[in-house]
Amino acid sequence: MSQAGLNDPMWCETYRQQESDRLQRQQLSPEKFLLAEDAFRIAEHAIDERFGKNKPKKAVRMKHILRLYVLEERSLEEIGNEFDLSRERARQILCQARHIVRRTMQHMDGLEVSA
């Protein structure tokens, strides 16, 4: 997604409405949302649990990519250039990190995780 989309009020309103609809379908209250920093701490912990002991370099790189993308709002192209990766490889690593975090959050909420 381009940065222009994030600055467009129409796009932001559409996104908010879609998220509101999604929450209603899942019957989640807005109080269950975490601040970005809190969510990122949980994400770091989840990645460390998964890769920290066996593949520490992978864990560090994955956390750094996630931080750049989520907190610093860097593009996949910029992240790829920083790590000397293709944009697609940066996307794959980000996708893997999100998967790990999603499963951890589901376990924390006591939801059933399907394979």
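Residues numbered from 1 in each chain as written. Predicted model: local features only at pLDDT ≥ 70, side-chain atom pairs only at ≥ 80, totals over all residues. Heavy atoms only, no water.

Colleague: Explain the pattern of salt bridges to me, using residue names and the numbers behind them.
Modeller: All chains considered together, the criterion is met by 6 salt bridges. Ionic pairing is found between Glu-82 and Arg-74, a salt bridge with its closest N-O pair at 2.8 Å. Taking relative accessible area as the criterion, Arg-74 reaches 24% and is therefore assigned partly exposed. One salt bridge connects Arg-91 with Glu-88, and the closest N-O pair in it is separated by 2.6 Å. Pair noted here: Arg-91 and Glu-88 are both in helix H6 (residues 87–109), with a separation of 3 residues, about one helical turn. Residue Arg-91 is classed as partly exposed on the basis of its relative accessible area, which comes to 34%. One continuous salt-bridge network, built from bridges that share partners, spans Glu-72, Arg-74, Glu-78 and Glu-82. (Salt bridge = Lys/Arg side-chain N within 4 Å of Asp/Glu carboxyl O. Buried < 20%, exposed > 50% of the residue type's maximum accessible area, 1.4 Å probe, protein only. Helix = DSSP H or I, 4+ residues; strand = E, 2+ residues; numbered from the N terminus.)

Colleague: Tell me about the packing of helix H4 (residues 56–70) against helix H5 (residues 76–83), residues and numbers included.
Modeller: Two numbers describe how H4 lies on H5: the axes approach to 10 Å, and their chain directions differ by 145 degrees. The way H4 lies across H5 gives a crossing that is right-handed. Residue-level contacts link Arg-61, His-64, Ile-65, Leu-68 and Tyr-69 of H4 to Leu-76, Ile-79, Glu-82 and Phe-83 of H5. A class-by-class count of the residues in the contact of H4 with H5 yields 6 nonpolar, 1 polar and 2 charged. (Axes fitted to C-alpha atoms, helices over the stretch in contact; angles between N-to-C directions. Left-handed = near helix turned anticlockwise from the far one by under 90°. Contact = heavy atoms within 4.5 Å. Nonpolar A, V, L, I, M, F, W, Y, C, P; charged D, E, K, R; others polar.)

Colleague: Describe the nonpolar core, naming the residues involved and giving the relevant values.
Modeller: Residues Ile-47, Phe-51, Met-62, Ile-65, Leu-66 and Ile-100 are the most contacted members of the largest nonpolar core, which totals 19 residues. Of all the secondary-structure elements, those providing two or more residues to this core are helix H3 (36–51), H4, H5 and H6. Per-element accounting of this core gives the leading share, 6 residues, to H6. Filtering out sequence-adjacent residues up to four positions away, Phe-51 remains in contact with Pro-56, Lys-58, Ala-59, Met-62, Gln-96 and Ile-100. (Core = buried A, V, L, I, M, F, W, Y, C linked by side-chain atoms within 4.5 Å.)

Colleague: Describe H4, naming the residues involved and giving the relevant values.
Modeller: Relative to the 21 Å expected for 15 residues at 1.5 Å per residue, H4 spans 21 Å between its end C-alpha atoms, a close match to the ideal helical length. Looking only at H4, the buried set comprises Ala-59, Met-62, Lys-63, Ile-65, Leu-66 and Leu-68. (Expected span 1.5 Å × (residues − 1).)

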